[in-house]
Amino acid sequence: MTRSANKSPLVGVLALQGASREHCRALEKAGAAAREVRRRRELEGLAGLVIPGGESTTIGKLMVSYHLLEPVRGLVAAGLPVFGTCAGLVMLAREVVEGDQPLLGLMDIRVRRNAFGRQVKSFEAELELPVFGKEPFHGIFIRAPWIESAGPEVEILAGHEGHPVAARQDSMLVTAFHPELTQDLRLHRLFLETVSAATARA
Amino acid sequence: MKIGTMTVKTGLAEMLKGGVIMDVTNAEQAKIAEEAGACAVMALERVPSDIRADGGVARMSDPDKIREIQQTVSIPVMAKARIGHFVEAQILEALEVDYIDESEVLTPADEANHINKWQFKVPFVCGAINLGEALRRISEGAAMIRTKGEAGTGNVVEAVRHMRTISGEIRQLANMDRDELFKAAKELQSPYELVKWVAENGRLPVVNFSAGGLATPADAAMMMQLGAEGVFVGSGIFKSEDPAARGKAIVEATTHFNDPQILARVSAGLKDAMPGLDIKELGEENLIQHRGW
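The rules we used
- Residues numbered from 1 in each chain as written.
- Chains lettered and ligands numbered in written order.
- Predicted model: local features only at pLDDT ≥ 70, side-chain atom pairs only at ≥ 80, totals over all residues.
- Heavy atoms only, no water.
- Helix = DSSP H or I, 4+ residues; strand = E, 2+ residues; numbered from the N terminus.
- Rg over C-alpha atoms; globule rule 2.2 N^0.38 Å.
- Buried < 20%, exposed > 50% of the residue type's maximum accessible area, 1.4 Å probe, protein only.
- Lys, Arg positive; Asp, Glu negative; His and termini not counted.
- Charge placed at Lys NZ, Arg CZ, Asp CG, Glu CD.
- Contact = heavy atoms within 4.5 Å.
- Areas by Shrake-Rupley, 256 points an atom, 1.4 Å probe, with all protein chains shown as cover.
- Buried area = accessible area lost by both parts, 1.4 Å probe.
- Salt bridge = Lys/Arg side-chain N within 4 Å of Asp/Glu carboxyl O.
- Polar contact = N/O pair within 3.5 Å; in protein donor to acceptor, adjacent residues only side chain to side chain.
- Axes fitted to C-alpha atoms, helices over the stretch in contact; angles between N-to-C directions.
- Parallel < 35°, antiparallel > 145°, perpendicular 65-115°, else oblique.
- Left-handed = near helix turned anticlockwise from the far one by under 90°.
- Core = buried A, V, L, I, M, F, W, Y, C linked by side-chain atoms within 4.5 Å.
- Pairing = 2+ DSSP bridges.

Chemist: What exactly am I supposed to notice about the overall build of chain A here?
Modeler: Looking only at helices and strands, chain A features five helices and twelve strands. A globule of 202 residues ought to have a C-alpha radius of gyration of about 17 Å, and chain A, at 16 Å, matches this closely. Once the C-alpha set of chain A is aligned to its principal axes, its extents read approximately 45 × 40 × 30 Å. Every one of the 202 residues in chain A was classed for burial, and the buried ones make up 59%. The distance from the centre of the 24 positive side-chain charges to the centre of the 23 negative ones in chain A is 5 Å.

Here it is, written out as structure tokens:
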């Protein structure tokens, strides 16, 4: 690969179903190179991975059928930074309140799907993320989940109406909302800082 | 906090991309669709091929049927309202369906006006056979477009025609001198601002799926290669011999639409597809794609 001379890290975006294109655009604007991942071989050589919004049941089933669940679990457990939004948050969770869908089960959170209600309850709201100081983050919530409970290793980054909606643990970052649908790159940059740190360690 | 904004309406369509939305008529079919990997289901009383065969007036589903499906699956549930029937749409919004399809598959209730979709918090998807029709629907508040094809035929030819038509018209606009866009807007019978947006961005301002006549994994993958961002499959799944296997195969073909090796594998051994109809034998007066104005 000729990439080694290039400073921009190569980040994969799981593209089985959902809003992968918007994440690729945001990552590229934030200074990374993006690669859509549909098959196992496309996981090779990645410095980070994004699991986008979409339908978590669809994404989970396709991860099982195309033998991606175990390899991704292995890579993230070994320290590959991962950023999950909405369905991606659900996929990373240890447990979902109802249902028995396939999960990566890597983050010590229990998640309620569609927690804010059906589509007519989908909303936009300004969020406080202390990690970014005073400037609020515009949260777009679409049939969004929330974090019902979290283990001691999990750092909650933001809440809405008393429910955690952004968190991190080790090199995993999750949001219940969709930064990729805004022009605000702060969360993607935060994720890329973790990617750079992990690359430097390796 | 704001609900029902255009951002959250178009946002759900963005989340459905790369997925398959399947027509279902009861809870059992909805469960099969979810298990097959559908990203949403469309709840309706009869699939389009039965509506075509039965004739008469086709209307919104019984709310009990829609509730039963909502209680069975966790994926988004869509439902159809007749073109122009804003009270059916009010009822579907009260039921909290996730998307309303203002659909030509049902019998139109108004032969001049579509629903004013800006009045609703629930998003709408509408059919289109060309760019002008798509932009008129968007100007009325549609948050998602699907090419119409010819529903209930199991024949993909009209879906291809409509997708190629819209893509071609977008390319023409993108190549035009800016001074020509006013005349283009007049010819497309669409608002100038939307025409200008399409010319500058080279795409529709909302997500565009393919619908109407898709019956095989190859059909779905072809529509994706032609530029669809996802597919609706109506009669094609539950009028086939093995809906669970065919549904799963169409989902996989939609994800891996550019990988002929995978397409060959998922296309094998699916038992019979739904019976297909030749569009020419239907006669122009029996085409439902011309409903909508």
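There is more to say, and it comes next.
Chemist: Explanation requested: the overall build of chain B in the structure shown.
Modeler: For chain B, the helix and strand inventory stands at 14 helices and nine strands. Computed over C-alpha atoms, the radius of gyration of chain B comes to 18 Å, within 12% of the 19 Å expected from 2.2 N^0.38 for 293 residues, which places it in the range of a compact globule. By principal-axis analysis of the C-alpha atoms, chain B measures approximately 55 × 45 × 45 Å. When each of the 293 residues of chain B is scored for burial, the buried share is 61%. Pairs at least 24 apart in sequence give 67% of the contacts found in chain B among residues at least 6 apart. Split by element, the accessible area of chain B, about 11,500 Å² in all, is 48% carbon and sulfur.

Chemist: Whenever I open this one, the interface of chain A and chain B confuses me. Can you help?
Modeler: Interfaces are often sized by the amount of accessible area the parts lose when they come together. In this complex, chain A contributes 37 residues to the contact, which on the side of chain B involves 42 residues. Taken as a group, A:Arg118, A:Val120 and A:Glu124 account for 21% of the area that chain A buries against chain B, more than any other trio of residues on that side. Counting across the interface, chain A meets chain B through six salt bridges. The salt bridge involving A:Arg21 is made with B:Glu229; its shortest N-O contact spans 3.0 Å. Taken together, the links from chain A to chain B amount to 22 residue pairs in polar contact (both at pLDDT 80 or more).

Chemist: Just checking my understanding: could you explain the packing of helix α10 (residues 217–225) of chain B against helix α12 (residues 243–255) of chain B for this structure?
Modeler: Helices that pack against each other are described as a pair by the angle of their axes relative to one another and the distance between those axes. All names here are of chain B. Where α10 meets α12, the axes come as close as 8 Å, and the angle between the chain directions of the two elements is 25 degrees. With respect to each other, α10 and α12 are oriented roughly parallel. For the element pair α10 and α12, the recorded crossing hand is right-handed. Between α10 and α12, the contacting residues are Pro217, Ala220, Ala221 and Met224 on the first element and Arg246, Ala249, Ile250, Ala253 and Thr254 on the second.

Chemist: Help me out: how do you make sense of the nonpolar core in this one?
Modeler: Soluble globular proteins tend to pack their nonpolar side chains together in the buried interior. Of all hydrophobic cores here, the largest spans 120 residues; its most connected members are A:Met63 and B:Met223. Those residues in contact with A:Met63 that sit more than four places away from it in its chain are A:Leu14, A:Leu16, A:Leu68, A:Leu69, A:Val72, A:Met91 and A:Leu104. Of all hydrophobic cores here, the second largest spans 21 residues; its members include B:Ile138, B:Ala142, B:Leu181 and B:Val195.

Chemist: How should the side chain of B:Glu158 be read in this particular structure?
Modeler: Residue and element names in this part refer to chain B. Structurally, the position occupied by Glu158 is in helix α7 (residues 157–175). When its relative accessible area of 5% is taken as the criterion, Glu158 is described as buried. One polar contact links Glu158 to Arg161, side chain to side chain, over a distance of 2.7 Å.

Chemist: Honestly, the sheet that holds strand β7 (residues 123–127) of chain A in this entry has me stumped. Any pointers?
Modeler: Sheet strands pair by backbone hydrogen bonding; their relative direction is either parallel or antiparallel. Strand order in the open sheet made by the three strands is β8(A)-β7(A)-β1(B), with antiparallel pairing throughout. Two strands bound the open sheet, and with one partner strand each, they are β8 (137–141) of chain A together with β1 (2–3) of chain B. Where β7(A) and β1(B) come together, two bridges link them in antiparallel fashion. Directly across from A:Phe123, in β1(B), lies its bridge partner B:Ile3.

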